[in-house]
Every structure is written in structure tokens, then in C-alpha cells.
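One letter stands for each residue in the lines below.
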Amino acid sequence: MLAGVSAVNTNIEVAAPTRRERARAQTRDEILVAARDLVRQGEEINMRAVGRAIGMTAPALYRYVDGHDDLLDLLGGSLYEELIAELVHARDAVDESDLVARLIAMAHAFRDWALAHRQEYGLLFASPLTAAAQDSAGCTHEAGLRFGKVFAEIFVAMWQAGVIHPPDLSSVDPRLLKMLEQSDKGEIELPLPVRYLYVRQWSRLYGMVTLEAFGHLYWAMDDSLTLFEAMLDDCAAELGLPGQVPAIRRTSA
């Protein structure tokens with residue numbers, strides 16, 4: 001024990017939620033479930049429809065949510081948390097020393113969730129939640145940052161372990177590098193070379209999955225998994241890991 005420093009009481013008891021608090025939390029959960037059901041059905045989310053789904057008037061909902069924007073924000077945060085849990089589960093199912101396999105597992109988990117929840121994916125990554133995502137005090141914004149960090153952290157780990165090497169930025173448009181430098185506000189802290197790779201890789205992953213989730217490849221193929229895997233091969237080559245993704249694919253098959 002350091003002199004003059006009192007021992008910290010680690011046996012602090014946290015008061016259990018009251019019956020009223022539990023009931024309120026349960027009602028909020030029901031509201032979010034009803035809102036998500038509307039999304040899944042392709043219906044517009046509005047207070048009247050949500051209230052009707054849970055047997056409550058629209059004005060009564062305002063005792064639990066502040067309004068339509070707040071409802072969207074809470075739903076966005078909830079969906080992000082579910083997606084994060086899927087990514088973490090896929091990542092942690094792989095040996096922590098195999099960073100490349102972990103990243104591949106997360107990419108597939110992201111795709112799997114998007115294809116299994118196409119309407120929810122559209123809500124998260126399309127325009128309806130743009131305002132909520134930009135509100136730094138909102139649930140969607142905070143959860144969105146955590147989502148980004150799940151991918152960013154593994155890029156940093158790969159960088160620090162020497163798995164990926166610094167790209168030559170001399171031929172990159174200086175305007176792009178300047179924007180990347182200015183966008184580093186401490187939310188996802190990455191050295192510029194890693195940030196450059198991260199943004200390029202994310203753009204490819206997001207673009208491919210979005211095309212699949214919104215059905216924009218139907219004219220070319222019935223099953224776009226092989227194209228998705230070819231995209232991962234291209235990403236691996238840019239990271240200086242040619243051949244590793246196909247090898248992981250063969251091992252896990």
C-alpha cells in the first residue's frame with residue numbers, strides 16, 4: 001500500500017433497479033422491437049405505428065422516448081450493438097495470434113449480418129440515420145464509433161505486429177492525404193499510412209456488401225460469395241498478404 005493513499009473500497013454495492021425502472025426498461029425494449037419490426041417489414045417508422053404495435057397511444061410513447069428522432073437514434077444504437085457483438089464473436093472464435101484470419105472472419109460476419117438483415121442494414125448505412133449518426137451525443141454516433149474501432153483496432157494490431165507494412169504514399173493524391181490527416185479527431189486514432197489502408201479497405205468491403213445487400217448484383221450472378229471472396233483477395237494483396245486469404249479459406253472449408 002502506498003503511504004498516504006487510502007485503500008479503495010471495491011465492495012461497493014450497486015442498488016438493484018426498482019420495479020418501476022424495470023418496467024420502464026421493458027417498455028422501451030418493446031418499443032424498439034416494434035420499431036425494428038416496422039423496418040423489417042419495409043414500413044415507415046412513426047410514433048403512431050409503433051404505439052399501435054404495442055397497444056399504446058402515440059402521445060404515451062413520449063414518456064419513454066423524446067420523439068421520432070430519439071426513437072431512430074435508440075434503434076440505430078441497438079442495431080450497431082448487435083452488429084458489433086457479431087463481429088466480436090467471429091473475431092474471438094479465431095486464435096488471437098492469427099490477425100489475418102481474425103480480420104477475414106470479421107469481414108464475413110459483417111456480410112452475413114447484412115444479408116440476414118437487409119432492411120436493418122439499409123437503415124444503419126443509408127440516409128435515414130444520417131442525422132443521428134452525426135449527433136455526437138446520440139446512441140447511434142457512439143455505437144457507430146465502437147463499430148469502426150472493432151475494425152480499426154485489428155488494423156493497428158496488424159501494423160504493430162509487422163503483418164502489414166507501410167504503403168508508399170508518394171504517389172497518393174496530396175488532397176486525399178490532407179483530408180485523411182484532418183479527419184483524425186481522436187475518434188479512431190490511426191497513423192496516416194494505416195488510416196489510408198483502413199479507409200481503402202473499408203470502402204471496398206462496404207461497397208461490396210452494400211451491392212449484395214441491396215440486390216444490385218442479381219443481373220450478373222445468383223450467388224455473389226465468390227465475388228466477395230475475390231474482393232477479399234484483392235484487399236489482401238494491397239496489404240501485402242497475397243495468397244493468405246485463399247489459404248485461410250481452404251483451411252476453414
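Residues numbered from 1 in each chain as written. Predicted model: local features only at pLDDT ≥ 70, side-chain atom pairs only at ≥ 80, totals over all residues. Heavy atoms only, no water.

J.: Where do I start with the overall build of the chain in this structure?
T.: A tally of helices and strands in the chain yields twelve helices and zero strands. Shown N-terminal to C-terminal, the secondary structure of the chain runs as helices and strands in the order α-α-α-α-α-α-α-α-α-α-α-α. Relative to its full complement of 253 residues, the chain shows a buried share of 40%. Put simply, 65% of the contacts in the chain that link residues at least 6 apart link residues at least 24 apart. (Helix = DSSP H or I, 4+ residues; strand = E, 2+ residues; numbered from the N terminus. Buried < 20%, exposed > 50% of the residue type's maximum accessible area, 1.4 Å probe, protein only. Contact = heavy atoms within 4.5 Å.)

J.: Explain the packing of helix H10 (residues 192-213) against helix H11 (residues 225-238) here, please?
T.: Helix-helix packing: each pair is described by the crossing angle between the helix axes and the interaxial distance. One can describe the packing of H10 onto H11 by two numbers: an axis separation of 11 Å at closest approach and a directional angle of 175°. Taken as axis vectors, H10 and H11 run roughly antiparallel relative to one another. Contacts from Leu197, Arg200, Gln201, Arg204, Leu205, Met208, Val209 and Glu212 of H10 reach H11 at Leu225, Leu227, Phe228, Met231, Asp234, Cys235 and Glu238. (Axes fitted to C-alpha atoms, helices over the stretch in contact; angles between N-to-C directions. Parallel < 35°, antiparallel > 145°, perpendicular 65-115°, else oblique.)

J.: Quick question: what am I supposed to make of the packing of helix H4 (residues 68-92) against helix H6 (residues 118-125) here?
T.: With their axes 10 Å apart at the nearest point, H4 and H6 run at an angle of 115° to one another. The two elements H4 and H6 cross, and the hand of that crossing is left-handed. The residues of H6 that touch H4, namely those facing Leu72, Leu75, Gly76, Leu79, Tyr80 and Leu83, are Glu120, Leu123, Leu124 and Phe125. (Left-handed = near helix turned anticlockwise from the far one by under 90°.)

J.: Explain the packing of aromatic side chains to me, please; I cannot follow it from the model alone.
T.: The description of an aromatic ring pair uses the distance of the two centres, along with the angle that the planes make with each other. Enumeration according to the criterion identifies 17 aromatic pairs in this entry. Centre to centre, the rings of Tyr121 and Phe214 are 6.0 Å apart; their planes meet at 65°, and the pair counts as edge-to-face. Remark: Phe214 occurs in the loop between H10 and H11 and Tyr121 occurs in helix H6; sequence separation between them is 93 residues. Between Phe151 and Trp202, the aromatic rings sit 6.1 Å apart at their centres with planes inclined by 45°, giving tilted as the arrangement. Pair noted here: Phe151 is in helix H8 (residues 139-160) and Trp202 is in helix H10, with a separation of 51 residues, a long-range link. Through pairs of rings, three or more aromatic residues link up here, namely Tyr80, Phe110, Tyr121, Phe125, Phe147, Phe151, Trp202, Tyr206 and Phe214. The ring of Phe228 is capped by Arg111, whose NZ or CZ atom sits 5.2 Å from the centre of that ring. (Phe/Tyr/Trp six-rings, centres within 6.5 Å; stacked < 30°, edge-to-face > 60°. Lys NZ or Arg CZ within 6 Å of the ring centre and 35° of its normal.)

J.: I'm lost on the side chain of Arg111 in this one. Help?
T.: Along the chain, Arg111 turns up in helix H5 (residues 99-116). Classification of Arg111 by relative accessible area gives buried; the value is 7%. Not counting chain neighbours up to four residues away, the residues in contact with Arg111 comprise Val209, Glu212, Asp223, Ser224, Leu225 and Phe228.

J.: Just checking my understanding: could you explain the confidence of the model for the chain for this structure?
T.: A low pLDDT means the predicted coordinates there should not be read in detail. Here the chain averages 86 in pLDDT, and 86% of its residues register 70 or above. For the chain, per-element mean pLDDT is lowest for helix H7 (residues 130-134), which scores 55, and highest for H5, which scores 96. (pLDDT = per-residue confidence, 0-100.)

J.: Explain the environment of Ile154 here, please?
T.: Among the structural elements, Ile154 can be located in helix H8. Residue Ile154 is classed as buried on the basis of its relative accessible area of 5%. Linking Ile154 and Met106, residues 48 residues apart in sequence, is a C-alpha distance of 10.0 Å.

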